[in-house]
Amino acid sequence: MALAASQARLLALTARKHDCEYAETLQAARKISLAKESSDLQREYLSRLQAKNISYYANGKYNKINYNYIMGSSDFTQILDGSEHLKKNNSMILCDYKGQVVLSEEYAKAITTVCPDALGSDGKGKTFSSSNIAAMIAELTSLDVEEIKKVINGENVEKTHTVDAQNDVTMENMGDAGTRDYSDVYTSGIMSIIDFYLPIFQAAATNGWTTEYNDSMRDNPDYLNDALNTGIFQLVSVYDDGNYDPNTSLDYFILKDAVEQSGDSEKREEIKAWYEEEKAILNEKETEIDLKLNELSSEIEAIKAEMDSIQSLIQDSISSVFDWGSS
């Protein structure tokens, strides 16, 4: 009876030993996976440290680059009155790595209102005739399309203004009451608006366009900066026909002083704090795994010792039976 009990106990210990060894294998696999996570974390940390900020200089300071600086908005008054600092080079626009112009919803709406077929059934922006650009700028800015066409063709737009000398709050130094010609000023204003928007729409007409990045740019204020650093976005210079100058790149615009690439000490501190926090989490996981491995190793050693003891008892029992029979 004692022999049978010992055999049953030995079988139970053997099963438990196998369970512990399997658990030990799983924990070892977790530790290998954790080592990969640690390596990936280190790589990402170094990558973030090396990343640069793309900025532009205005109002006596460097400002983080944003979509409006490169591409403007439908608020064309900022072009006329300088309420917001605009890029130095109007031919500099934003496209993605496929060459598609990165457009806001406002720009896309102006295109599809004038050319509904410029949006494919797959939701991707298609090329369109540049003859429609004047209407698109008019749609975007609420200016008169015929006046825009005239200015694009190099013509002056005739514009007069009736002045009441005793109640003139809109124009300075106009003298006596009467009709004043301000065609040159008016045409110049339209020309400045065209100069800003024309490269954007001309490039979209020639290369296609996309709005697929708008959610990412809205949700993540660093998305545009990071996309320029990683090559998802490109800064390009647009020829009059809408094609891109092959010699322009982010480096080109940095050298030309259109944008600036620089490090940010405050950002580096944020990155360091993030890294230390993530590293602490991984260290905690590793400590937990090591403790579990030590527990399993100790249990396996204890099981082995008990198994050896039981096997010795079984052997002694078997030997005593044979010894009794031979005496």
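Refer to the structure presented above.
Residues numbered from 1 in each chain as written. Predicted model: local features only at pLDDT ≥ 70, side-chain atom pairs only at ≥ 80, totals over all residues. Heavy atoms only, no water.

1. Some points on a negative patch on the surface
Logical step 1: A cluster of acidic residues, Asp75, Asp81, Glu84 and Glu106, forms a negative patch on the protein surface.
Logical step 2: Tracing the chain through its elements places Glu106 in helix α4 (residues 105–114).
Logical step 3: On the accessibility criterion, Glu106 (40% relative accessible area) is partly exposed. (Patch = residues over 30% accessible without salt bridge, like charges linked within 9 Å, V, L, I, M, F, W, Y side chains within 5 Å. Areas by Shrake-Rupley, 256 points an atom, 1.4 Å probe, with all protein chains shown as cover. Salt bridge = Lys/Arg side-chain N within 4 Å of Asp/Glu carboxyl O. Lys, Arg positive; Asp, Glu negative; His and termini not counted. Charge placed at Lys NZ, Arg CZ, Asp CG, Glu CD. Helix = DSSP H or I, 4+ residues; strand = E, 2+ residues; numbered from the N terminus. Buried < 20%, exposed > 50% of the residue type's maximum accessible area, 1.4 Å probe, protein only.)

2. A word on the layout of surface pockets
Logical step 1: Estimated volume of the second largest pocket: approximately 240 Å³.
Logical step 2: In terms of lining, the second largest pocket is formed by 16 residues, of which the most central are Ile133, Ile152, Leu198, Gln202 and Asp240.
Logical step 3: Mapped by element, the contributors of at least two residues to the lining of the second largest pocket are α5 (133–141), α6 (145–152) and α7 (183–207).
Logical step 4: Its residues assigned to classes, the lining of the second largest pocket comprises seven nonpolar, six polar and three charged. (1 Å grid on protein atoms, 1.4 Å probe; cavity = no way out; pocket = protein on both sides within 12 Å on 5 of 7 lines; lining within 4 Å. Points joined across faces, edges and corners; volume = space filled by probe spheres on them. Nonpolar A, V, L, I, M, F, W, Y, C, P; charged D, E, K, R; others polar.)

3. A few points about the packing of α4 against α7
Logical step 1: One way to put it is that α4 packs onto α7 with a least axis distance of 12 Å and a crossing angle of 65°. In terms of their interaxial angle, α4 and α7 are classed as roughly perpendicular. Judged by the twist between their axes, the crossing of α4 over α7 is right-handed. Residues Tyr107, Ala110 and Ile111 of α4 form the contact with α7, whose own contacting residues are Phe196, Tyr197, Ile200, Phe201 and Ala204. (Axes fitted to C-alpha atoms, helices over the stretch in contact; angles between N-to-C directions. Parallel < 35°, antiparallel > 145°, perpendicular 65-115°, else oblique. Left-handed = near helix turned anticlockwise from the far one by under 90°. Contact = heavy atoms within 4.5 Å.)

4. Quick word on the side chain of Lys87
Logical step 1: Note that Lys87 resides in the loop between α3 (77–81) and β3 (92–96).
Logical step 2: In terms of polar contacts, Lys87 uses its side chain to reach the backbone carbonyl oxygen of Asn90, at 3.5 Å.
Logical step 3: With residues near it in sequence (within four places) discarded, Lys87 still touches Tyr69, Ile70, Met92, Ile93 and Phe196. (Polar contact = N/O pair within 3.5 Å; in protein donor to acceptor, adjacent residues only side chain to side chain.)

5. Some points on the pattern of salt bridges
Logical step 1: Taken as a whole and judged by the stated rule, the model has 12 salt bridges.
Logical step 2: A salt bridge links Glu299 to Arg16, with the shortest nitrogen-to-oxygen separation between them at 2.7 Å. With Glu299 in helix α11 (residues 265–326) and Arg16 in helix α1 (residues 2–50), the pair connects residues that are 283 residues apart, well separated along the chain.
Logical step 3: The partly exposed category is assigned to Glu299, whose relative accessible area is 28%.
Logical step 4: We classify Arg16 as partly exposed; its relative accessible area is 37%.
Logical step 5: For Lys304, the salt bridge is made with Glu301, and the minimal N-O distance between the two is 3.9 Å. Within this pair, Lys304 and its partner Glu301 are both found in helix α11, separated by three residues, close to a single helical turn.
Logical step 6: Among the ionic contacts, a cluster of salt bridges with common partners joins Asp215, Arg218 and Asp219.

6. Looking at the packing of α6 against α7
Two measures define how a pair of helices packs: the angle their axes make with one another and the distance between the axes.
Logical step 1: At their nearest, the axes of α6 and α7 sit 10 Å apart, and the two run at 85° to each other. Between α6 and α7, the interaxial angle falls into the category roughly perpendicular. Between α6 and α7, the residues in contact are Glu147, Ile148, Val151 and Ile152 and Tyr186, Thr187, Ile190, Met191 and Ile194, respectively.
Logical step 2: Here the residues of the contact of α6 with α7 are counted per class, giving seven nonpolar, one polar and one charged.

7. Observations regarding the packing of aromatic side chains
Logical step 1: Within the structure shown, the criterion is met by nine aromatic pairs.
Logical step 2: Measuring from ring centre to ring centre gives 3.9 Å for Tyr56 and Tyr69, while their planes differ by 5°; the resulting arrangement is stacked. You can see Tyr56 sitting in strand β1 (residues 53–58) and its partner Tyr69 sitting in helix α2 (residues 67–71), a full 13 residues away along the chain.
Logical step 3: Judged by relative accessible area, Tyr56 falls into the buried class, the value being 10%.
Logical step 4: Geometrically, the ring pair formed by Tyr57 and Tyr62 is edge-to-face, given 5.0 Å between the ring centres and 65° between the ring planes.
Logical step 5: Accessibility expressed as a relative area gives 51% for Tyr62, which makes it exposed.
Logical step 6: Connected via pairs of aromatic rings, a cluster forms that spans Tyr107, Phe196, Tyr197 and Phe201. (Phe/Tyr/Trp six-rings, centres within 6.5 Å; stacked < 30°, edge-to-face > 60°.)

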